[in-house]
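Per-entry structural report
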Amino acid sequence: MREPFVDNLQPASSTSAKRVFFQTLGCKVNQYETQLLRESYLRHGYVEDRENPAVCVLNGCSVTATADRKCLQAARRLKRRFPDAKIVLAGCFAQNLKTLPLELNAKDFSLVSQQDKFKLPCLTESVKPPIELTINGFAGHSRVFLKIQDGCRNRCAYCIVPYLRGEPRSKRQDTVLAEVEGLLSKGYREIVLTGIDLGSWGEDLPGGQRLAGLLRKLIAVKGDFRVRLSSLESARMGDDLLELLNESKICPHLHLPLQSGDDSILRRMHRRYSGSEFLDRVCRIRCSTPRLALTTDVMVGFPGEDEKAFSRTMEVVRDCGFFRVHVFPFNPRPGTPAAGFPEQVSGAVARERVECTAFI
């Protein structure tokens, strides 16, 4: 395991009253952002302390109502475990809460917005926009999750994240390259590129930059390392990206979320492809890169999904021949259009469909 701080930071002595503990719930982006917070605290004289912290930072997820509930439970557990500590709630979870629940005392808990959380612990500190902040290490990991993009404008009917993260924003190419070179110098050998809508990287930057161009620059960096892509929308898989998948420094793996294979359900989800279009893209990818491992996400029990629609999804999944399929039931997310859609599918039926997918 790596040390919980990077070697160019100067932590305080172990006797300091400035002690902090971090807990992360959620995606790779959250894990990257926790590392940003960790380095910010350590620069201001804190040390990590898992036994007797003065401050606990809970960087939480709000992608589903279940995620919110787990974050609230985690916050309560932290307070029971560390009754004298201040609990800082951050991430999409804090952004979605707006105000503390009644049972959480403002004296013991504080909420920080997505915009403010990287200013901690000195809220008056002048900082760059969060997308341009960089990390020097990745505590407790042998590979690095590297956020290069934030925000999303896809507005899928079931997803709250675009409302919490805002419009797409890309980290500049020179910043990404410098961050990668710094991490490689620390001995990391796998860089996992991640973002809220990773495939949109560069669209907001001058000159119409694209993810494939950034990848070409990355694989040209000297050193023995590899780059892995996290989740990508299938529509982003153009010829420029396909050409790069056979490069030795690119991990032979793609995660392409299907969600549903039924056209009517995809339209209700506000997904911008049909089942046949998704399958065609998978076939093109396999022809271009036969050694590639493909994984996916499938949501069952979405409002309006009948047996015919579910069967069509299973048919597309079988035809794609995924290496691994993550299947989960639709979870109505307050604040999203799908939460109010008619023809809601019962939880029992959704769970039964999850179990059926085990036989794919």
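Computed from a predicted model, the values in this text were never measured in an experiment.

This part takes up the sheet that holds strand β12 (residues 324-329). Sheet architecture is open: three strands sit in the order β10-β11-β12, paired in parallel fashion. The sheet terminates laterally at β10 (253-255) and β12, the two strands that pair on one side only. Across this sheet, the average inter-strand angle for adjacent strands is 15°, counted without regard to direction. Relative to β12, strand β11 (residues 293-300) runs parallel, the two being bridged by six bridges. The partner of T295 across the bridge, within β12, is R324.

What follows covers the pattern of salt bridges. The final tally for this structure, using the stated rule, is 28 salt bridges. Notably, a salt bridge pairs E167 with R153, separated by 2.9 Å at the nearest N-O pair. Linking E167 in the loop between α4 (161-165) and β7 (169-170) with R153 in the loop between β6 (144-150) and α4, this pair joins segments that are 14 residues apart in sequence. For the salt bridge of E190 with R228, the shortest nitrogen-to-oxygen distance reads 2.7 Å. Placement of the pair is E190 in strand β8 (residues 190-195) and R228 in strand β9 (residues 226-229), with a sequence separation of 38 residues.

Before going further, it helps to examine the pairing of strand β1 (residues 19-24). Pairing of β1 with strand β2 (residues 47-48) involves two bridges; the strand directions are parallel. Bridge pairing links R19 to V47 in β2. Crossover β1 to β2 through helix α1 (residues 28-43) is right-handed.

Definitions and limits used
Residues numbered from 1 in each chain as written. Predicted model: local features only at pLDDT ≥ 70, side-chain atom pairs only at ≥ 80, totals over all residues. Heavy atoms only, no water. Pairing = 2+ DSSP bridges. Helix = DSSP H or I, 4+ residues; strand = E, 2+ residues; numbered from the N terminus. Axes fitted to C-alpha atoms, helices over the stretch in contact; angles between N-to-C directions. Salt bridge = Lys/Arg side-chain N within 4 Å of Asp/Glu carboxyl O. Right-handed = clockwise from strand over helix to strand, strands pointing away.

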